[in-house]
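For reference, the chains in residue letters:
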Amino acid sequence: MTAGSMPDGGVLVRRRRGWHAGPMSAHEPTKPPRLRWDDLIEGARLSWPMIPGTVVFAAAFGTVAAQKGLTLWEATLMSALVFAGASQLVAMEVWSNPLTLGAIATITLVTATVNMRLVLMSASLRPVLAGFPAWQAYPALLFTVDANWLITMRYRDRPSAAGIFLGGGLAMWIVWVPATIPGYLLGALVTDPRVFGLDFVLPAFFVAMLVPQWRGFRRAIPWAVAAVVALLVERLVGGWWFIIAGALAGSFVGGFADERA
Amino acid sequence: MSGPEVYPVLLAILGMTAVTYLMRVGGFWLMGRVPLTPRIRRMLDALPGAVVCATIVPLVIKNGLPAGLGLIAVVAILALRGHEFLAVFAGVGLVALARAGGF
């Protein structure tokens, strides 16, 4: 095990700059991490601003799924297993009746492109969950969604970050799955989420989580690069590639430009 | 009739589930195999803000004035009151209002 690698049994400690593997880097005590009930509750509490938007978003998915001819059980199963709202809605756009193998392949591919940002999100969760054994970390990652990831990133300095992550994810799942049902049953409950500004819930929440992370203009250069590259890719390429392209560009700038750190 | 109908639907749902879960664990798995040099640490550090900006900036620009107003409301309320719930709701409400007003 080299000093630079991240042993699964190690504890990662965040100092003022960057991540340090606890046992390797110094004199921090190496307590094995533990999930505390209080941290789960805290995670659920912190995701509270996202709950009303999530309910209506899930209802919108239920409505569209009903129009596309899915049974209630199929729509609910999709919410429970896929648990990624934007990709579920986009999948409904390419859904066809009857489903051919080609359509299934398209649906799977479209889901992958919409959800590609999850790869980056789970990469940034490595330091938070690294101290946990794989049999705990990998199932916990099932519950990665935008909301609990963002909250976790904001509080990643705390030892409770892993509990906050899982608590927030479970809370979102518990709300998301049953909220699919009223939209399905009532049909035209929410035909156009845009009317209620619901497509803005996630961007608003993103910004609300980003503002407290402001550390001056120099630290925000990667953010600006990410925004510009995302805009360009969105204009030139289209589709959903802009998120991953912009995020990678910003991350590279953060890694390479800040050599003095 | 449920036989030939249910099977492809389930297959599609399972396909979506599989690719989504692969992405949920893929980055985590990969970072466990990459040596955590200071540079990689800085890249991981910059990642959350970069994901956020890359996601919202194109969406906001595409949605024009209502989204711009909503964003300003979110930032202003956060700066003044530090209340996330209030900020998100004011932003979303303002977007809905601006759209109802025909912007």
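Some points on the environment of B:Ile40
Here's step 1: Structurally, B:Ile40 is set in helix 2 (residues 38-81).
Here's step 2: Taking relative accessible area as the criterion, B:Ile40 reaches 19% and is therefore assigned buried.

Regarding the packing of aromatic side chains
Here's step 1: Going through the model one piece at a time under the given rule, you end up with five aromatic pairs over all chains.
Here's step 2: Between the aromatic rings of A:Phe83 and A:Phe143, the centroid separation amounts to 6.4 Å while the plane-to-plane angle is 70°, which identifies the pairing as edge-to-face. On the criterion of sequence distance, the pair formed by A:Phe83 in the loop between helix 4 (72-82) and helix 5 (85-94) and A:Phe143 in the loop between helix 9 (134-141) and helix 10 (146-154) is long-range, its members being 60 residues apart.
Here's step 3: With a relative accessible area of 5%, A:Phe83 lands in the buried category.
Here's step 4: A centroid spacing of 5.9 Å and a plane angle of 15° characterise the contact between A:Phe252 and A:Phe256, whose relative ring orientation is stacked. A residue pair is termed a helical-turn pair when its members lie 3 or 4 positions apart in one helix, as A:Phe252 and A:Phe256 do in helix 14 (residues 241-256) at four residues.
Here's step 5: The rings of A:Phe83, A:Phe143 and A:Trp173 are connected pair by pair, giving a single aromatic cluster.
Here's step 6: A cation over a ring is seen here: A:Arg126 above B:Phe28, with NZ or CZ 4.2 Å from the ring centre.

Here we look at the interface of chain B and chain A
A common way to report how large an interface is uses the accessible area buried once the components associate.
Here's step 1: At the junction of the two partners, chain B supplies 64 residues and chain A supplies 92 residues.
Here's step 2: Together, the buried faces of chain B and chain A total about 7,000 Å²; carbon and sulfur atoms form 74% of this surface.
Here's step 3: Three residues stand out in chain B for area buried against chain A, namely B:Met16, B:Arg24 and B:Phe28, and they jointly supply 13% of the buried area on that side.
Here's step 4: At the boundary of chain B and chain A, one finds two salt bridges.

So, the environment of A:Phe200
Here's step 1: Relative to the assigned elements, A:Phe200 resides in the loop between helix 11 (161-186) and helix 12 (201-210).
Here's step 2: We classify A:Phe200 as buried; its relative accessible area is 4%.
Here's step 3: Distance from A:Phe200 to A:Gly53, taken between C-alpha atoms, is 9.2 Å for residues 147 residues apart in sequence.
Here's step 4: With residues near it in sequence (within four places) discarded, A:Phe200 still touches B:Val60, B:Ala67, B:Gly70, B:Leu71, B:Val74, B:Gly91, B:Val92 and B:Val95.

Rules and cut-offs
Residues numbered from 1 in each chain as written. Chains lettered and ligands numbered in written order. Predicted model: local features only at pLDDT ≥ 70, side-chain atom pairs only at ≥ 80, totals over all residues. Heavy atoms only, no water. Helix = DSSP H or I, 4+ residues; strand = E, 2+ residues; numbered from the N terminus. Buried < 20%, exposed > 50% of the residue type's maximum accessible area, 1.4 Å probe, protein only. Phe/Tyr/Trp six-rings, centres within 6.5 Å; stacked < 30°, edge-to-face > 60°. Lys NZ or Arg CZ within 6 Å of the ring centre and 35° of its normal. Contact = heavy atoms within 4.5 Å. Buried area = accessible area lost by both parts, 1.4 Å probe. Salt bridge = Lys/Arg side-chain N within 4 Å of Asp/Glu carboxyl O.

Interpretation in functional terms is not warranted from these geometric data alone.
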